[in-house]
Amino acid sequence: MITVVYPGSFDPCTNGHLAVIKRAASLFDKVVVGVLTNSSKTPAFTVEERIELLKIATEDLKNVEIAAFSGLLVDFMKKIDSKIIIKGIRAVSDFEYEFQMALTNRTLCDELETLFLHTSKEYMFLSSSIVKEIAKYGGNLNGLVPEKLIPIINRRFENA
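Residues numbered from 1 in each chain as written. Predicted model: local features only at pLDDT ≥ 70, side-chain atom pairs only at ≥ 80, totals over all residues. Heavy atoms only, no water.

Draft legend 1. Spotlight on the environment of Thr114. Locating Thr114 in the fold gives a position in strand β5 (residues 113-118). For Thr114 and Glu158, which are 44 residues apart along the polypeptide, the C-alpha to C-alpha distance reads 38 Å. With near-sequence residues (within four places) excluded, Thr114 lies in contact with Ile85, Lys87 and Ala102. (Helix = DSSP H or I, 4+ residues; strand = E, 2+ residues; numbered from the N terminus. Contact = heavy atoms within 4.5 Å.)

Shown next, in the form of structure tokens:
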């Protein structure tokens, strides 16, 4: 059984994230979406809330699991006994950073492989930061995030 990890902050989950999760789920036996706890950032949603949003977004994907982690990704990979990291790529700028991270992870643990999945073309522009900015000003999130998440995200930014 091949288990892969798709790590990120997912603050919040976008349709671009979901497209990568679905593609990975169709290719591998099990996908663990690793929600990063990053103490140097102030997210809009807590780790617990981001996990819940991802569970809602992926409820129809039976081979997807959501888990939080902090610290080094290589340690999380060892903990869940996975050797494959999935990274979503939107543009060349994403690739440059993610390639650097892949080489770093490989240096820390030479058994790890990073596979890059490009997002769907309709989501190449999309990021969690853009979603938060639109929500902050009461903009329309249709088509940007999973439909079931729209009311939850809008409530978070109602009085922002």
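Draft legend 2. Up close: the side chain of His17. For His17, the location among the structural elements is in helix α1 (residues 15-27). A polar contact is formed between the side chain of His17 and the backbone nitrogen of Thr14, at a distance of 3.0 Å. Excluding its chain neighbours within four sequence positions, the residues that come into contact with His17 are Tyr6, Phe10, Pro12 and Ser128. (Polar contact = N/O pair within 3.5 Å; in protein donor to acceptor, adjacent residues only side chain to side chain.)

Draft legend 3. Just the side chain of Glu98, in detail. Relative to the helices and strands, Glu98 resides in helix α4 (residues 92-108). Taking the relative accessible area as the measure of exposure, Glu98 reaches 13% and is therefore buried. For Glu98, the residues in contact, after removing those within four places along its chain, are Lys87, Ile89 and Phe116. (Buried < 20%, exposed > 50% of the residue type's maximum accessible area, 1.4 Å probe, protein only.)

Draft legend 4. Region of the structure containing a nonpolar patch on the surface. A cluster of nonpolar side chains, contributed by Phe95, Phe99 and Leu103, occupies part of the molecular surface with about 260 Å² of accessible area. Note that Leu103 resides in helix α4. For Leu103, a relative accessible area of 45% gives the class partly exposed. (Patch = residues over 30% accessible without salt bridge, like charges linked within 9 Å, V, L, I, M, F, W, Y side chains within 5 Å. Areas by Shrake-Rupley, 256 points an atom, 1.4 Å probe, with all protein chains shown as cover. Salt bridge = Lys/Arg side-chain N within 4 Å of Asp/Glu carboxyl O.)

Draft legend 5. Structural detail: the pattern of salt bridges. In the structure shown here, the tally under the stated rule is 8 salt bridges. Between Glu49 and Arg156 there is a salt bridge; the shortest N-O distance is 2.6 Å. With a gap of 107 residues between them, Glu49 in helix α2 (residues 47-57) and Arg156 in helix α6 (residues 150-156) connect regions that are remote in the sequence. Judged by relative accessible area, Arg156 falls into the partly exposed class, the value being 35%.

Draft legend 6. The nonpolar core, seen in detail. Counting 37 residues, the largest nonpolar core has Val31, Val33, Leu54, Val64, Ile86, Leu141 and Ile153 as its most contacted members. When residues of this core are traced back to their parent elements, those giving at least two are β1 (3-8), α1, β2 (30-37), α2, β3 (64-70), β4 (84-89), α5 (128-136) and α6. Counting residues per element, this core draws most heavily on α1, which supplies 6 residues. Excluding residues within four positions of it along the chain, Leu54 makes contact with Phe10, Cys13, Ile21, Val33, Val35 and Ile66. Core analysis: the second largest hydrophobic core is formed by 11 residues, Val5, Val32, Phe76 and Cys109 among them. (Core = buried A, V, L, I, M, F, W, Y, C linked by side-chain atoms within 4.5 Å.)

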